[in-house]
Amino acid sequence: MNKKIVYILLLITIFLIFLSPYASELPDGLDWTINKTNITYEETKDYYFNKYFIFSDYKVPFIDNEKLSTIAAGFSGIILILIIFKIYKFIIFKKQNTMQS
Amino acid sequence: MHIPDGLLTNKINLINLAISSGLFYFFNKKALKNYDEFKINIAASLTAFVFAAQMLNFPIGFGASGHFLGTFFLMLMLGLELGFISICLILIVQALFFADGGIIALGSNIFNMAIMGGLIPYTIFKAIHKQFNIFSTKLGFLILTTIVSYISVVLAAFSCGLQIFLSHIASFKVILSTILFVHSFIAVGEAIIVFILLSLIFTFKPELLNPYVNNQKIINETNVLKPI
């Protein structure tokens, strides 16, 4: 029963990922504020963008289809989060075992 | 509301990083003591859910959009320790792999979204919830969480605006009025989403909200609504 909730949540998450290509492309609250108030700053983001980030702007670089690219990037993010939690669980489990013994 | 690198001064980023990492260490230690495998599994799937939900920007008018913050919602569902860790994890993944929010500004983003948008609203919620019995009913709980989730976005935006002002790149009045104006609309979206999510949880899995709601009252309310 408990596992069922986890699977249902993951199914909803996958559904959201499929919706993500249809998200609004308007600037978000902070970008809008920056534009409106004419804030200028030295953006260091572009430097990293093409060189280091794998899924910059929520896109997979080698997928040309924009929608598919966003979906693939979303899936990658979810897989990354699940892997990190698996590792976290393993570390906590190991630490607890050491504390008990 | 993800702050990019270069917007804030390094001093502000450093102070925020120190506070954020200190809290992360503290909550991580606490989480270790209260290890619960089921809770970690739920945390993993809820974190993935919030990550996906944050990808869905919705238009709010004025040529701007907003997205679900979900930090108060995560703390509500997972508790303070795991909730905080989950939010940090989302922000770290977004900064490192998606270029959403700067790496140098990661501490500031954690401070704004996890502390100002999650920890403080959750503390406010807990204090009010403890003080007044009316918020232990289904309706009372839904009203309180909806209001607090609205406040969570406004608080995070206020903190973000304050940091931009302290970085000497905009005047206090201009930046705060603009950022609070746009986020007061985004906060409505946040409040609606949290209301819908919690209503769904009440319908399908009310035991997940056991720590906050008197279940006997839920049963009674359900019975009253049932047709004879």
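Position numbers for residues count from 1 along each chain, tracking the sequence in the order it is written. Labels follow written order: the first chain is A, the first ligand is 1, and so on. In view of the model being predicted, local features appear only for residues whose pLDDT reaches at least 70, and side-chain atom pairs are presented and counted only at 80 or more, with totals across whole chains, interfaces and linings using the full set of residues. Hydrogens and waters are ignored; side-chain quantities use all the structure's heavy atoms.

K.L.:
For the overall build of chain B, give the residues involved together with the corresponding values.
P.N.:
In this description a helix means any DSSP run of H or I spanning at least four residues, a strand means any run of E spanning at least two, and both kinds are numbered starting from the N terminus. Of regular secondary structure, chain B possesses 8 helices and 2 strands. The globule rule used for comparison is 2.2 Å times the number of residues to the exponent 0.38, while the radius of gyration itself is calculated over C-alpha atoms. Whereas a compact globule of 228 residues would reach a radius of gyration of roughly 17 Å, chain B reaches 18 Å, a difference of no more than 12%. Seen along its three principal axes, the alpha-carbon backbone of chain B occupies a region of about 65 × 45 × 30 Å. Here's how the labels work: a residue is buried when its accessible area is under 20% of the maximum for its type, exposed when over 50%, partly exposed in between, all with a 1.4 Å probe on protein chains only. Burial status across chain B gives 57% buried among its 228 residues. Residue contacts are defined here by distance: any two heavy atoms, one from each residue, within 4.5 Å place the two residues in contact. Contacts in chain B between residues far apart in sequence, at least 24 positions, make up 74% of those at least 6 positions apart. Of the roughly 9,500 Å² that chain B leaves accessible, carbon and sulfur atoms contribute 71%. Per-residue and other accessible areas follow the Shrake-Rupley method at a 1.4 Å probe size, with only the shown protein chains counted as cover for residues.

K.L.:
Explain the packing of helix α2 (residues 29-36) of chain A against helix α7 (residues 172-204) of chain B residue by residue, including any values.
P.N.:
The N-to-C vectors of α2 of chain A and α7 of chain B enclose an angle of 145°; their axes lie 9 Å apart at closest approach. Regarding α2 of chain A and α7 of chain B, the two cross each other, and that crossing is right-handed. Each of G29, L30, W32, T33 and K36 of chain A in α2 of chain A lies in contact with α7 of chain B, whose residues at this interface are I175, T178, I179, F181, V182, H183 and I186 of chain B. Under the grouping applied here, Gly and all other residues not named as nonpolar or charged are polar, the nonpolar ones being Ala, Val, Leu, Ile, Met, Phe, Trp, Tyr, Cys and Pro and the charged ones Asp, Glu, Lys and Arg. In terms of residue class, the contact of α2 of chain A with α7 of chain B is built from 7 nonpolar, 4 polar and 1 charged. Here the axes come from fitting lines to C-alpha atoms, over the contacting stretch only for helices, and the angles between their N-to-C directions go from 0 to 180 degrees. For any pair of crossing helices, the crossing counts as left-handed if the nearer helix is rotated counterclockwise from the farther one by less than a right angle, and right-handed if it is rotated clockwise.

K.L.:
Residue-level account of a positive patch on the surface, with values.
P.N.:
Patches here: salt-bridge-free residues with over 30% relative accessible area, like charges joined within 9 Å, nonpolar side chains (Val, Leu, Ile, Met, Phe, Trp, Tyr) joined within 5 Å. Take a side-chain nitrogen of Lys or Arg and a carboxyl oxygen of Asp or Glu: if they are within 4 Å of each other, that pair is a salt bridge. Residues scored as positive are Lys and Arg, those scored as negative are Asp and Glu, and His as well as the terminal groups of each chain are ignored. Working definition for charges: the position is that of NZ of Lys, CZ of Arg, CG of Asp or CD of Glu. A cluster of basic residues, K95 of chain A together with K29, K30 and K33 of chain B, forms a positive patch at the surface. A total of 3 residues in the positive patch trace back to one element, the largest contributor, which is helix α1 (residues 10-33) of chain B.

K.L.:
Run through the packing of aromatic side chains, naming residues and quoting values.
P.N.:
Residue and element names in this part refer to chain B. Ring pairs shown here join Phe, Tyr and Trp side chains whose ring centres sit within 6.5 Å, with only the six-membered ring taken for Trp; geometry is labelled stacked below 30 degrees between planes, edge-to-face above 60, and tilted in between. Inspection of the entire model under this criterion finds 21 aromatic pairs over all chains. With centroids separated by 5.4 Å and ring planes inclined at 70°, the aromatic side chains of F125 and Y212 adopt a geometry described as edge-to-face. Highlighted residues: F125 in helix α5 (residues 106-131) and Y212 in the loop between α7 and α8 (215-225), separated in sequence by 87 residues. For the pair shown, F125 and Y212 are each scored as buried. Ring centres of F141 and F202 lie 5.7 Å apart, and the angle between their planes is 85°; this geometry places the pair in the edge-to-face category. On the criterion of sequence distance, the pair formed by F141 in helix α6 (residues 138-166) and F202 in helix α7 is long-range, its members being 61 residues apart.

K.L.:
Go over helix α3 (residues 71-78) of chain B, please, and point to the residues and values.
P.N.:
Residues and elements named next belong to chain B. Among the 8 residues that make up α3, 8 are buried, leaving the element largely enclosed by the rest of the structure. For α3, the full list of buried residues reads T71, F72, F73, L74, M75, L76, M77 and L78. Packing partners of the buried residues in α3 comprise α2 (37-54), α4 (80-97), α5, α6 and α7. Two residues or fewer past α3, G79 is found with a positive phi of approximately 90°.

K.L.:
How would you explain the interface of chain A and chain B if you had to name every residue and give the values?
P.N.:
Across the boundary between the two partners, chain A contributes 56 residues, which contact 65 residues of chain B. Here's the idea: put two parts together, see how much 1.4 Å probe accessible area each one loses, and the total over both is what we call buried area. When the two sides are added together, the surface that chain A and chain B hide from each other amounts to roughly 5,200 Å², 77% of it contributed by carbon and sulfur. Here K89 of chain A makes a salt bridge to E37 of chain B, at a shortest N to O gap of 3.4 Å. Put simply, the parts of the chain that give the side of chain A that touches chain B at least two residues each are α1 (2-19), α2, α3 (45-51) and α4 (66-100) of chain A.

K.L.:
Explain the nonpolar core residue by residue, including any values.
P.N.:
Residues belong to a common nonpolar core when they are buried Ala, Val, Leu, Ile, Met, Phe, Trp, Tyr or Cys residues joined through side-chain atoms within 4.5 Å. Ranked by internal contacts, the top residues of the largest apolar core, which has 102 residues, are F51, F73, F125, F141, I164 and L198 of chain B. Residues within four places of F51 of chain B in sequence aside, it is in contact with Y58, G74, G77, I78 and I81 of chain A together with I90, V93, Q94 and F98 of chain B.

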